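Tertiary structure, described
This is what each chain is made of:
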Amino acid sequence: MKKVQVNTADKNYKFELWRSNGDLFIKRNGSQHKADIVRLNNNRYSLIIGGRSHEIGVEHLPDGYAISHGARSENFRVEDYELAKIKKAAGISDTQAVKNVAAPMPGLIVDIQCAIGDEVTKGQSLLVMEAMKMENDIKSPLSGKIKAINISPRESVDKGRVLVEFE
Amino acid sequence: MKKVQVNTADKNYKFELWRSNGDLFIKRNGSQHKADIVRLNNNRYSLIIGGRSHEIGVEHLPDGYAISHGARSENFRVEDYELAKIKKAAGISDTQAVKNVAAPMPGLIVDIQCAIGDEVTKGQSLLVMEAMKMENDIKSPLSGKIKAINISPRESVDKGRVLVEFE
Amino acid sequence: MTEIKKILIANRGEIAVRIIRGCSDAGITSVAVYSDPDRTAYHVRAADEAYPLHGSTSAESYLVQEKIIEVAKECGAQAIHPGYGFLAENASFAELCAKNDIIFIGPTPEVISLLGDKLEARQTAIKAGLPLAPASTHDIENINGAKADADKIGYPVLIKAAAGGGGKGMRIVESPDALEAAIKTAASEATSAFGDKRVYIEKYIARPRHIEIQIMADTHGNVIHLGERECSIQRRHQKVIEESPSPVVDDKLRARMGEAAVAIARESGYVGAGTVEFLVDETLNFYFLEVNTRLQVEHPVTEMVTGIDLVQEQFKVAAGEKLTITQEEVKQRGHAIECRIYAEDVAAGFIPSTGHMAAYHEPSGPGVRVDSGFVSGDDIPVYYDPLIAKLVTWGSDRRQAICRMLRALDEYTVQGVETTIPFEAMVMENQSFIDGRLSTHFIADEFPDLAASMMPPEEEMELSAMAAALIDYRRKFKLAGIGNEKQQTADAWKLSGRIDGLRKVW
Amino acid sequence: MTEIKKILIANRGEIAVRIIRGCSDAGITSVAVYSDPDRTAYHVRAADEAYPLHGSTSAESYLVQEKIIEVAKECGAQAIHPGYGFLAENASFAELCAKNDIIFIGPTPEVISLLGDKLEARQTAIKAGLPLAPASTHDIENINGAKADADKIGYPVLIKAAAGGGGKGMRIVESPDALEAAIKTAASEATSAFGDKRVYIEKYIARPRHIEIQIMADTHGNVIHLGERECSIQRRHQKVIEESPSPVVDDKLRARMGEAAVAIARESGYVGAGTVEFLVDETLNFYFLEVNTRLQVEHPVTEMVTGIDLVQEQFKVAAGEKLTITQEEVKQRGHAIECRIYAEDVAAGFIPSTGHMAAYHEPSGPGVRVDSGFVSGDDIPVYYDPLIAKLVTWGSDRRQAICRMLRALDEYTVQGVETTIPFEAMVMENQSFIDGRLSTHFIADEFPDLAASMMPPEEEMELSAMAAALIDYRRKFKLAGIGNEKQQTADAWKLSGRIDGLRKVW
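Small disclaimer: the values here were computed from a predicted structure and weren't measured.

A look at the overall build of chain A
For chain A, the count of helices and strands is one helix and 16 strands. Here the C-alpha atoms of chain A give a radius of gyration of 21 Å, more than 25% beyond the 15 Å that 2.2 N^0.38 yields for 167 residues. Principal axes of the C-alpha set define a box for chain A whose edges measure 65 × 40 × 25 Å. Per-residue burial for chain A yields a buried fraction of 44% across its 167 residues. Look at the contacts in chain A between residues 6 or more apart in sequence, and 39% of them connect residues 24 or more apart. Accessible area of chain A: about 8500 Å², with a carbon and sulfur share of 46%. Of the charged side chains in chain A, 25 are positive and 22 negative; the average position of the first set lies 7 Å away from that of the second.

Structure follows, in structure tokens:
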């Protein structure tokens, strides 16, 4: 039997898993289910948990898994439960807060609407990017103070380029 | 420039191929075309020859290629033209005649309608196989004398199993 | 009236997927069952719930009535949809469902028994006033009686299994001396196929069309028909291309055939969706053939032209609701054609072809519907029927439906197994087909040498040969490291000879 | 009359594929053109012929009129279909086609110019007797004139680009002090989008519905309309979900709006397929908005309910044929809904999301049509609009169309990029949508905090977490070589730590 904790950016889920007579079981909050997981192609899996049938996509990330279900995708880290407990006791955070804003797509920086040292609130527009003939507001994912702005107006950026950093 | 001969079981095609200014050209019977071939996924290729657009599937065989176009598939061997000429002069056949009958699908041998030493004609029923709840006549692909019968009635066979051999 | 919230689908492949989609469209929870080789089949992945039956063959899984009932009870399904084939026309299964308080989506066990027996069905048809081809009224007891019957009917005659279907246990007999042998083989085939050796003799109708009427009946005595389907193009007595409306049925004939179909439904106490099959001779006389007490494979062509979802209607009738459509409200619009896409080698005589599909892509766009049991990357298992999908096209007229079918067949990519696609494309371009000149002998008449007809045209062969030459040239070019692509030639050199590695470089 | 045998499609993506399918259905040879990044795009592979335009961006390829004309002349295409966007409403391109004796599939250059200019279009609408929202009759010359106009019309007002479309150069102004700034930004946006800085002022209608009428006119003076489409659900002033018929349009209103649309078509001398757009206020008054002189993105919903193939009709009209349908023969049947499937991150405010699609599978089955520009394994290029496909469902009524849309959205697999699918599923389940209570403010009204609305439900999160735990468990189990699968554990050990290798073993 194995106890694991599955973490997202702001949540965690505890499960127990074990095998018995060749079948796989998973338990959460006292309710236990038989689980059958079979790989298909293209990193897709058929998952039957307690009779419910699901098809999911899996991408392996350096520190976890991106799980696609339906048209949504979420990232998860799987940790040994005992280890997670120790980390918590030692005051090590489970979730690494995002401290920067990366370009969500390749494009052109049209306007910068913030400055270093600004205190911004979550959802506030930081800059405007042009991509696919559209102007897109890039909004702040958190409330905080801006530490660095790495780009200039009229600069072309690739997807994933860190545009703004927070303190 | 390269001259090749492309062989099927009973036909052959001669082509000349060359590159010029980064473009690929192919010529047959005096008519020449610009050819553009780009790989997609799953062993599929986009082929534009003389402006005509085709999508083909390619499987690599030990001695050639299986080319799928539309819903059909054919096997081809590609040979150097000079080599093919020499072989022909030396009396070596281009095409290796099929000299046996293989199971076209997995199934059960229900009836054997021929015997060793029989002279059979092309299209004659050799045996009956049951597969997918259907009885299927297995017909002779050629006219010739039977050398060996490798199976017995009520025997289960896998796809590709050589059932009958010709002299 | 029972509210049906969960339905178990006792089937697999495209029809299971079709019914799962129907459940989803009706807000009903769908339950799939599966044999071991079907664990990753699309119907299992598409359903809300899925439970194993274990076993590999149909006999070990989809045909084990008790296992299916057990799953239905455990998961709380109120109803079972049997699809077609397997247990769809099995009266004892319908009875077992009733005993376990599970709704069987189909007619009562009594009606299944009555209409499933061809001789009893004939009697019912006679009572309902339907026209029938001359036949022996009983099963054949001895060869002398059979000879007398056949003489009375007149040769050629057809030997048919009383419990029959799908061409099994069927033989055409041209003259008295062939009768005895034909009866023996037909009876033996019938025994192994249906566990019932009874056969009977029927007048053989030359070059008939197979035209059938879709019926729908509720538990309140309402019976309607939804027009006809022409299913004349058959191989091994099994349908391969169907359409609605039939090119030869006009409003008058439709009304007459429809009335006949409704009459036998009323006579038998029919409930649910069913099909009354007729043979139609060259002067458009029609003769009752049989009743299929289930959803047909080819039901989508009727759905496309009438706009009525037959699976939804089945659900409503099963729940005890009244039919929401009257006969007057049934209107045909345009024309629909279905091609069954089988994994079969047509040139070799329509024999099954199995294997891994290296590439699979279904057509779509205007007027195209695909009812499929597979998606890209799936294998076609060897245990079951080789039906990959049903490709249906709709057009504002027959010409447009044919054009769209040709286009859709052309778009359909199946790499790795032989399919009936090239054959169906050939039919769509055949002049007799275009003119609507059809009969159950269509394939034999139009393509007497099928293997030769199926040879690819020379220009296609040349194109494929050219492709092979280009692929080979490109490959050798890259092996020699002369390629002008992004990857470094040094890498290409390193891989030289390792074909597998190279494929990835291309 | 000209027989059109070959058509060049001056477009890409789903609309190019749609028109290629239309050519195929009509027995016409299709010619694709492509930019460098589109060499392997599906429209290139689906066409009969394909020629490069070279260049990466639209400006270097699909917008270069001379290149396209040159390809058409070289390959012998008699006609060019511009699709939508790119050169579809470009009068100078239509003129260039005419000069080169190539049929431009669309109205004359004069009509494109006339109706493409919003101010001239308004004048034409007035002449034809159409109801209009109050507006400035000329483009704004100076700010004082503009202020006077706005005062006369009454705030709030809308600043619109004379050459506009797609929400570009559009601004809502609530009060006089915001007018000047809004005019400036609108004019600057209009300049960069259309090369035309002219803007004008129109009465702003609160919570309007966007309802449009499809028209079709031949060169013989016959003009018909094919009913309406409701396209109220918009983001960034661009449509995202459309349907036909509209939940609020009855036969009477349909007839009045249809007559208005036919009137402006006659007034302008319209030929071909076109769309007359109206705003409809809360008491169902309608106001002329603009005419789109091309095939619309959302044309399939009209095709599904009328059974008329608009692309085929365009071909016929372009060849000089008379319309084969009269106004009386146009009948709507059932209900159709279209969801545009965009590669966009909805939670982040509908911003484009690009990348490689690791898995891609389109839905099918009863009542489902997909007009797509991609197949499995394709990338979404960054140079163009992020429209992956249009998913259209048909039902015998609106409820069934919604149920089928929900099912089809659920079946639609797109792994690797964010799409609008979860958003559209949420709309299908929204009570206001179900009740047909729509306006162009629908998204803002119903989902004021879109990011929060787009959060996955807790049970889905838990399922995904469970999946991650199971995948991880399975992987570690295999790493330890305890797996009971076929592959030898020795091999698994060897690969231990090499994740990439291991993935293949699973």
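Description of the domain arrangement of chain A
For an interface, size is often stated in terms of accessible area lost upon the parts coming together. Domains assigned within chain A are domain 1 (1-96) and domain 2 (99-167). Look at where the C-alpha atoms of domain 1 of chain A and domain 2 of chain A centre, and you get two points 33 Å apart.

Concerning the sheet that holds strand β9 (residues 100-102) of chain A
All names here are of chain A. Taking strand neighbours across the sheet as the criterion, the four strands line up as β9-β16-β14-β11 in an open arrangement whose pairing is antiparallel. In this open sheet, the two strands that pair with only one neighbour each are β9 and β11 (119-120). As paired strands, β9 and strand β16 (residues 162-166) are joined by three bridges and run antiparallel to one another. What sits directly across from A102, in β16, is V162.

Looking at the packing of helix α1 (residues 13-25) of chain C against helix α11 (residues 310-318) of chain C
Two quantities define a packed helix pair, namely the angle between the helix axes and the distance between the axes. Residue and element names in this part refer to chain C. Relative to each other, α1 and α11 sit at 65°, their axes nearing to 9 Å. By the angle between their directions, the pair α1 and α11 is classed as roughly perpendicular. Judged by the sense of rotation from one axis to the other, the crossing of α1 with α11 is right-handed. When α1 is examined against α11, the residues R18, I19, G22, C23 and D25 are found in contact with a partner set consisting of V311, Q312 and F315. Grouping the amino acids of the contact of α1 with α11 by side-chain chemistry returns four nonpolar, two polar and two charged.

What to know about empty space enclosed by the protein
Overall, the coordinates contain 11 cavities of 30 Å³ or more when judged by the stated rule. Of the pockets and cavities examined, the largest cavity occupies roughly 480 Å³. If you trace the largest cavity, you find 27 residues lining it, with M304(C), G367(C), W394(C), M304(D) and W394(D) closest to the centre. Of all the secondary-structure elements, those providing two or more residues to the lining of the largest cavity are α10 (299-306), β19 (368-372) and α12 (398-411) of chain C together with α10 (299-306) and β19 (368-372) of chain D.

Parameters and conventions
- Residues numbered from 1 in each chain as written.
- Chains lettered and ligands numbered in written order.
- Predicted model: local features only at pLDDT ≥ 70, side-chain atom pairs only at ≥ 80, totals over all residues.
- Heavy atoms only, no water.
- Helix = DSSP H or I, 4+ residues; strand = E, 2+ residues; numbered from the N terminus.
- Rg over C-alpha atoms; globule rule 2.2 N^0.38 Å.
- Buried < 20%, exposed > 50% of the residue type's maximum accessible area, 1.4 Å probe, protein only.
- Contact = heavy atoms within 4.5 Å.
- Areas by Shrake-Rupley, 256 points an atom, 1.4 Å probe, with all protein chains shown as cover.
- Lys, Arg positive; Asp, Glu negative; His and termini not counted.
- Charge placed at Lys NZ, Arg CZ, Asp CG, Glu CD.
- Domains from an automatic or database assignment.
- Pairing = 2+ DSSP bridges.
- Axes fitted to C-alpha atoms, helices over the stretch in contact; angles between N-to-C directions.
- Parallel < 35°, antiparallel > 145°, perpendicular 65-115°, else oblique.
- Left-handed = near helix turned anticlockwise from the far one by under 90°.
- Nonpolar A, V, L, I, M, F, W, Y, C, P; charged D, E, K, R; others polar.
- 1 Å grid on protein atoms, 1.4 Å probe; cavity = no way out; pocket = protein on both sides within 12 Å on 5 of 7 lines; lining within 4 Å.
- Points joined across faces, edges and corners; volume = space filled by probe spheres on them.

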